[in-house]
Amino acid sequence: MAPESLLPDADQAPDQSNHRCGYVALIGKPNVGKSTLLNALMGQKLSIVTHRPQTTRRRVLGILSGDDHQVILLDTPGIIEPRYGLQKAMMNDVRTSTSDADLLVFMADATRDKVDDLSLKFVGKRPAILVLNKIDKIRQEDVLPLVSAYMEAHAFEEVIPISALKGKNLDVVMQSVLKRLPAGPAFYPREMISEQPEKFFVSEIIREKIFKLYRQEVPYSTQVNVVSWEEREDDKDLIHAEIVVERDSQKGILIGKGGKALKKIGTFAREDIEEFIHRPIFLKLHVKVRTDWRNSDGQLRSFGYST
Ligand SMILES: Nc1nc2c(ncn2[C@@H]2O[C@H](COP(=O)(O)OP(=O)(O)OP(=O)(O)O)[C@@H](O)[C@H]2O)c(=O)[nH]1
Ligand SMILES: [Mg+2]
């Protein structure tokens, strides 16, 4: 028989009978604020955010655990009509995420006046709540016509106007989500915040800097891969990442005169990576050309996209 001190204390053991757990996919057009909402709900930055559309390219999973719940949030790429292979893979990712989800959080920009019919096609018969974001930019009553138009287009279970950026009404979103999650035990250990490896987040941070530092097509033609990560006993970790572009001219732009531009990416990225993994690193970057990789199924698969 176990000594008394090893037996679980009935008063302290968490009551699992009311525990809820499930997958919640954030979906919607590019740039509506899905990644900003994921980060705000998580209370930390997991998913990269830029002012440009199509920043997120594959789903980012964030695990939010509480005493009586575990919400597994899936941030997804913005929904578009795909024009090339990479965009098709991005939409495959949205499709998988929506079919994995117990609940959809359909996000739209409250400052726009049109219903996003393309994204609505991804909702199907799944339970969904409508979240109208960016209400810090608009008077709340001015959102009403958009709310009516959406309710006419789809029977959403609830409509919540929010500002992911300013943290407004996020508690309302959480309550609404929790209420709709299936009962059941946690799928992941409580201390886990994501399922993706650190090297995924490192490559995303580098990609975010490229989105912020370069204009037009360059960021969209760029893929970042962490090729090695050496943990060294008496020195900082050495992370080696490659930046893949589609053309020689883009390679020149990325590297810049005397390597200046690439150095800037490296410095900005290193600062954020160190903050993310809580230790100093050396970051080595190099640029290579893979002609038309965005349209090559083989290349896309080798970079981890589901074509
Ligand atoms: N004013 C305002 N801006 C916001 C809000 N939420 C997000 N943004 C801004 O909108 C832009 C896009 O945000 P993201 O979170 O990257 O949008 P997304 O939906 O993930 O975009 P994709 O990954 O391209 O699909 C960024 O510049 C954000 O700072 C908000 O509540 N208010
Ligand atoms: Mg995003």
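Here, the structure is the one placed above.
Residues numbered from 1 in each chain as written. Chains lettered and ligands numbered in written order. Predicted model: local features only at pLDDT ≥ 70, side-chain atom pairs only at ≥ 80, totals over all residues. Heavy atoms only, no water.

Peer 1: In this structure, what is going on with helix α2 (residues 85-100)? I would like to understand it.
Peer 2: Counting along an α-helix, one turn takes 3.6 residues, and residues three or four places apart therefore face a common direction. Between its first and last C-alpha, α2 extends 23 Å over 16 residues, near the 22 Å set by a 1.5 Å rise per residue. Every buried residue belonging to α2 is among Gly 85, Leu 86, Gln 87, Ala 89, Met 90, Met 91, Asp 93, Val 94, Ser 97 and Thr 98, and all of these are buried. Looking at the packing, one finds that the buried side of α2 touches β1 (20-28), β3 (69-75), β4 (103-109) and α9 (297-302). (Helix = DSSP H or I, 4+ residues; strand = E, 2+ residues; numbered from the N terminus. Expected span 1.5 Å × (residues − 1). Buried < 20%, exposed > 50% of the residue type's maximum accessible area, 1.4 Å probe, protein only. Contact = heavy atoms within 4.5 Å.)

Peer 1: Would you mind going over the nonpolar core with me for this structure?
Peer 2: Proteins that are soluble and globular tend to have nonpolar side chains buried together. In this structure, Ile 27, Phe 106, Leu 132 and Tyr 150 are the most contacted members of the largest nonpolar core, which totals 42 residues. Among the secondary structure elements, those contributing two or more residues to this core are β1, β2 (60-66), β3, α2, β4, β5 (128-133) and α4 (144-153). Examining the composition of this core, we find that 5 residues originate from one element, α2, more than from any other. Per-domain counts for this core show at least three residues from each of domain 1 (20-180) and domain 2 (198-302). Counting residues in hydrophobic clusters, the runner-up holds 27 residues, among them Val 24, Ile 160, Val 177 and Leu 181. (Core = buried A, V, L, I, M, F, W, Y, C linked by side-chain atoms within 4.5 Å. Domains from an automatic or database assignment.)

Peer 1: What is the right way to look at the packing of helix α7 (residues 248-255) against helix α8 (residues 260-277) in this model?
Peer 2: Packing of α7 against α8 brings their axes to within 5 Å, and their N-to-C directions diverge by 65°. Contact with α7, carried on its side by Ile 253, Leu 254 and Ile 255, involves Lys 260, Ala 261, Leu 262 and Ile 265 of α8 and no other residues of that element. Of the residues in the contact of α7 with α8, the class split is 6 nonpolar, no polar and 1 charged. (Axes fitted to C-alpha atoms, helices over the stretch in contact; angles between N-to-C directions. Nonpolar A, V, L, I, M, F, W, Y, C, P; charged D, E, K, R; others polar.)

Peer 1: Hey, could you run me through the site of ligand 1 in this one?
Peer 2: Taken together, 23 residues form the shell around ligand 1, and within it Lys 34, Thr 36, Gln 54, Thr 56 and Asp 136 come nearest. Gln 54 places a main-chain nitrogen or oxygen 2.7 Å from an oxygen atom of ligand 1. At a separation of 3.0 Å, an oxygen atom of ligand 1 approaches a polar backbone atom of Ala 164. Bound to the protein, ligand 1 loses 90% of the 660 Å² it would expose on its own. Broken down by element, the residue count for the shell around ligand 1 peaks at 3 residues, all from helix α1 (residues 34-42). Tallied by class, the residues present in the shell around ligand 1 amount to 6 nonpolar, 12 polar and 5 charged. (Near = heavy atom within 4 Å. Polar contact = N/O pair within 3.5 Å; in protein donor to acceptor, adjacent residues only side chain to side chain. Areas by Shrake-Rupley, 256 points an atom, 1.4 Å probe, with all protein chains shown as cover.)

Peer 1: I keep staring at the coordination of the magnesium ion (ligand 2) and nothing clicks. Help me out?
Peer 2: Coordination angles at a metal have ideal targets, namely 109.5 degrees for four tetrahedral donors and 90 or 180 degrees for six octahedral donors. In the first shell of the magnesium ion (ligand 2), the protein supplies Ser 35 (OG) and Thr 56 (OG1), at 2.0 to 2.1 Å from the metal. Taken together, the residues span a long stretch of sequence, with Ser 35 in helix α1 and Thr 56 in the loop between α1 and β2 at a distance of 21 residues. Looking at Ser 35, the relative accessible area reads 8%, which means it is buried. Its relative accessible area of 7% is what places Thr 56 among the buried residues. (Donors = N, O, S within 2.8 Å, 3.2 Å for Na, K, Ca; no water.)

Peer 1: Is there a simple way to think about the side chain of Asp 93 in this case?
Peer 2: Relative to the assigned elements, Asp 93 resides in helix α2. Put simply, Asp 93 is tucked away with no salt bridge, and the nearest opposite charge, on Arg 59, sits 5.5 Å away. Beyond its immediate chain neighbours, meaning those up to four positions away, Asp 93 contacts Arg 58, Arg 59, Pro 77 and Ser 306. (Lys, Arg positive; Asp, Glu negative; His and termini not counted. Salt bridge = Lys/Arg side-chain N within 4 Å of Asp/Glu carboxyl O.)

Peer 1: Looking at this model, I keep getting lost on the sheet that holds strand β6 (residues 159-161). Mind explaining?
Peer 2: Hydrogen bonds along the backbone pair up the strands of a sheet, which may run parallel or antiparallel. Pairing within the open sheet is mixed, and its 6 strands lie in the order β2-β3-β1-β4-β5-β6. Edge strands, defined here as strands with exactly one partner in the open sheet, are β2 and β6. This sheet shows a mean twist of 25° between the axes of neighbouring strands, independent of strand direction. As paired elements, β4 and β5 share 6 bridges and run parallel to each other. (Pairing = 2+ DSSP bridges.)

Peer 1: Can you help me understand the pairing of strand β7 (residues 223-230) in this one?
Peer 2: Within a regular beta strand, the side chains point alternately toward one face of the sheet and then the other, so they alternate between its two faces. Across 7 bridges, β7 lies against strand β8 (residues 237-245) in antiparallel orientation. Bridge pairing in β8 places Trp 229 opposite Ile 239. Hairpin connection, β7 to β8: the antiparallel pair is bridged by 6 residues.

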